[in-house]
Amino acid sequence: MLDNTFNKKESPLVGMMGGGPGGPLGISGGSTADPTYVDDVFSTYLYDGDGSSSRTITNNIDISGEGGLVWVKQRNDTRGHNLSDTERGATKILSTNNNGGEGTYTTTITSFTSTGFSVGSDSGVNHSSGEYASWSFRKAPGFFDVITWTGDGVNGRQIAHDLGSTPGMSIIKCRSSSSRDFIVRHENMSSGKVCFMNSTSAELDNPGGYQTHSSTHLTLNTGGGSNGLLGVNHSGDTYVAYVFANNDASFGTDSDESIIKCGSYTGTGSYQTIDIGFEAQWVLIKRLSNTGDWGIFDTFRGAPSGDGIQANGSVRLRPNTTQTDGGSGVGVNSDGFILGDGSSEINTSGVTYIYMAIRRSHKPPTAGTDVFAITNPTSSGTYTVTAGFPIDSVWYGGITGSSSSDKWYAADRMRGSYLIRQNFESSHSSLSTEFDSMTQFILPTISGNYSGQISYCFKRASGFFDTVVYTGSGNPSSSTISHNLGVVPELLIAKRIDNGDGVWAVYSSVTGNRNYLRVNTNDASTTTSFWQNTDPTSTQFTVSNNNNVGNDANNYVAYLFASLNGISKVGSYTGTGNNINVDCGFAAGARFVLIKRTDSTGDWYLYDTTRGIVSGDDPYLLLNTYDAQVTNTDYIDPLNAGFTVTSSSPTALNASGGTYLFLAIA
């Protein structure tokens, strides 16, 4: 018999036909709901403690209105995990690193808000020198639910949930008594088996407290022993369950994408990719057939770092211990996540592992400031670049320098601490760069004249920009590389990163799939087989086995851009020698403009509004040189719809009959 007498907030629409995220309500005359994205229901948010008695964390997840779970762990000290949810109340804390009961702590997680949560001064959540990771899970059909109940001692009790599909994993904890483990049931465990989140134990028999999952409910038993130590329905005890969906494709713009996947794999002892159908941003892993710690990996704490293509430098937090960030082994790619070489807790040969993975951000941006920022620091040495969003890639270089020490650099979250010089054909090198922040990128101290620098910050977003790190396949002719731009790339910049002999190869819709440009030269478009005479698609691009773009066992990075209405424009214009208004579909002009002549030689001209796109002189930099900016020319002017190329421009920007490629960002 289905039991609905537990403590649970019910939505009046739950259970109506098609009432999943983004689906129709199933009511006569009803309307289609707005799409739901992973950005709406899940957040990894890093913050530094300040020791204050009240601190609000804004991650844009509506926990107070929709309900859910907040999980906080200090990363740089051995303090416990803090789990709080809306069913039990903000100050009611459970810790996965022990089997204790629920405690009330008024200075930890103090409240939930419509845009996140608040914390007090407790050292576990807000020490003045603490660095913290938080994960917020919002209740939503197809993703996550929280349930509480009081045990009645009846075997086979059924507890309803609101996932609308069969759970992939559940975590159940007795709240009212100590010495009760966090009982985990995963769809890839053997029948009748469970494991404990607060323990390193492998899966074990649990006939008394076994739970089964269906699309509507959990089935519970009382457990073995007089105290029901392994039970999930012992009479008089109170419980909470965190229930996670599996591969429910009801999210995204067309409500046909899944955002959570529960699965298993067998370790190989060498690098392997786990294909889950989407790029992961958060992964939970447990060694199942042997003892071993649990591990949480996420892209904000550096999961895709290491040598820039594999996962040697990723970091892990262990739910079953108080240990700090550490370990290695997990990276990400366009289709899932990558396991490091031979790590015993994630990839031992022949060992079975279970995982739960959550998709990376896929919500389309609504303004250029959501995905692009310009910063212009003036001090030399180490400094911090700050944007209003998580930074996925940074291009930066010197404004005033004029020597080979003053270089253009490209950095990206996918390669971690590695930089590439954009105006040279060098391999990438490891420096003390950090993406380990929500809205900042920390640049290293670099020799040279850096009294003035400019930084361009990009966020990966559907329809706008993507970063792909890949290894050449060794196919005798060509290989296809997956990407997550979501649309056909119109500008693709690829670079070999493990050797200095690779050019910065550029594909564009303007020059076509039989030609290429080079970022580090002023050369005209040149015939090539790099792209195998094949246009990219909304999911893949094609490269040859040429050493510059796709040779066997060599490693590469690619930056992909597209035109997104009101935010970015990749296009071309034909020179006239007179003023040319370039309409990009913007409302308040372009903040960033990159122009390259394609039919003849011409530098890569770079303009931005931070240095000045005005009706008078406009400073420009050349992406293919280390020259200082030129400030006494008036080659472009502002235009609300985009930008204007003036009649005073040189042939590199406005020769009559010349063809020009541009990238503009609002």
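You'll find the structure just up there.
Quick summary incoming for the structure in this document.

Cut-offs applied
Sequence order as written defines residue numbering, which begins from 1 separately in each chain. Where local features are concerned, this predicted model is filtered to residues with pLDDT of at least 70; where side-chain atom pairs are given and counted, the filter is 80 or more; whole-chain, interface and lining totals use all residues. Values reported for side chains reflect all heavy atoms of the structure, with hydrogen atoms and water molecules removed beforehand. Two strands qualify as a pair provided that DSSP identifies no fewer than 2 bridges between them. Helix numbering and strand numbering both begin at the N terminus, where a helix is a DSSP run of H or I of at least 4 residues and a strand a DSSP run of E of at least 2. Note on geometry: axes are C-alpha line fits, over the in-contact stretch for helices, and angles between N-to-C directions span 0 to 180 degrees. Buried Ala, Val, Leu, Ile, Met, Phe, Trp, Tyr and Cys residues form a nonpolar core when they are joined through side-chain atoms within 4.5 Å. Each residue is placed in one exposure class: buried if its accessible area under a 1.4 Å probe, protein chains only, is under 20% of its type's maximum, exposed if it is over 50%, and partly exposed if it falls in between. Two residues qualify as a contact provided that any one of their heavy atoms is within 4.5 Å of a heavy atom in the partner residue. Stacked, tilted and edge-to-face are the three classes assigned to paired rings of Phe, Tyr and Trp, where Trp is represented by its six-membered ring and a pair needs centres within 6.5 Å; plane angles under 30 degrees give stacked, over 60 edge-to-face, the rest tilted. Neither His nor the chain ends is counted toward charge; the positive residues are Lys and Arg and the negative residues Asp and Glu. Should a side-chain nitrogen of Lys or Arg be within 4 Å of a carboxyl oxygen of Asp or Glu, the pair is scored as a salt bridge.

Some points on the sheet that holds strand S8 (residues 109-113)
Consideration 1: Across the sheet, 3 strands lie side by side as S3-S9-S8; this open sheet has antiparallel pairing. Lying at the two open borders of the sheet, with one neighbouring strand each, are strand S3 (55-58) and S8. On average, each strand axis in the sheet is tilted by 20° relative to the strand beside it, whichever way the strands run.

Brief notes about the sheet that holds strand S22 (residues 280-287)
Consideration 1: Ordered in space as S20-S26-S22-S23, the 4 strands form an open sheet in which the pairing is antiparallel. With partners counted over all chains shown, the strands left at the sheet margins are strand S20 (260-266) and strand S23 (294-298), one partner each. Mean inter-strand twist for the sheet, computed between neighbouring axes without regard to direction, equals 20°.
Consideration 2: Direction of pairing for S22 relative to S23: antiparallel, over a ladder of 5 bridges. Residue pairing for S23: Trp282 is matched across the bridge by Asp298.

Observations regarding the nonpolar core
Consideration 1: Trp135, Phe137, Phe143, Tyr242, Phe244 and Trp282 are the most contacted members of the largest nonpolar core, which has 56 residues in total.
Consideration 2: Those residues in contact with Phe143, other than ones at most four positions away along the chain, are Val41, Phe42, Phe137, Arg138, Leu163, Val243, Phe244, Ala245, Phe251, Ile259, Ile260 and Ile358.
Consideration 3: Listed in part, the 55 residues of the second largest apolar core include Tyr265, Ile399, Met414 and Leu623.

Examining the packing of aromatic side chains
Consideration 1: Per the counting criterion, the structure on display carries 46 aromatic pairs.
Consideration 2: Both rings, one in Phe464 and one in Phe561, keep their centres 6.5 Å apart while their planes meet at 85°; by these two values the pair is edge-to-face. Note that Phe464 is positioned in the loop between strand S34 (453-458) and strand S35 (465-471) and Phe561 in strand S42 (residues 555-561), a separation of 97 residues in sequence.
Consideration 3: Relative to Phe662, the ring of Tyr573 lies with its centre 6.4 Å away and its plane at 35°, an arrangement referred to as tilted. Placement of Tyr573 in strand S43 (residues 568-574) and of Phe662 in strand S50 (residues 659-665) is noted, with a sequence separation of 89 residues between them. Phe662 matches Tyr573 in its accessibility class, with the two residues each being buried.

Comments concerning the pairing of strand S14 (residues 183-186)
Side-chain positions along a regular strand alternate between the two faces of the sheet.
Consideration 1: Judged by which residues are buried, S14 turns out to be covered on both faces: Ile183 and Arg185 on one side and Val184 and His186 on the other are all buried.
Consideration 2: Inspection of the sheet shows strand S13 (residues 169-174) paired to S14 by 4 bridges, in the antiparallel sense. Residue Ile171 lies in a different strand from S14, and its bridge partner there is Val184.
Consideration 3: Bridge count for S14 against strand S15 (residues 193-196) is 2 bridges, and the pairing is antiparallel. Looking across to S15, one finds that Val184 is bridged to Cys195.
Consideration 4: The turn joining S14 and S15, which pair antiparallel and follow one another in sequence, is formed by 6 residues; a positive phi near 80° is taken by Gly192.

Observations concerning unusual backbone geometry
Consideration 1: Positive phi, close to 65°, is recorded for Asn60, a residue that is not glycine.
Consideration 2: In this structure, Asn60 sits in the loop between S3 and helix H2 (63-66).
Consideration 3: The exposure class assigned to Asn60 is exposed, which follows from its relative accessible area of 57%.
Consideration 4: Phi at Ser179 is positive, roughly 60°, even though this residue is not glycine.
Consideration 5: On the secondary structure map, Ser179 appears in the loop between S13 and S14.
Consideration 6: Judged by its relative accessible area of 44%, Ser179 is partly exposed.

Observations regarding the side chain of Glu490
Consideration 1: Note on placement: Glu490 falls in the loop between strand S36 (478-482) and strand S37 (491-496).
Consideration 2: Buried charge Glu490 goes without a salt bridge, the closest partner of opposite sign being Lys569 at 5.5 Å.
Consideration 3: With residues up to four places along the chain from it excluded, the contact list for Glu490 reads Tyr507, Ser508, Ser509, Phe561, Ala562, Ser563 and Val570.

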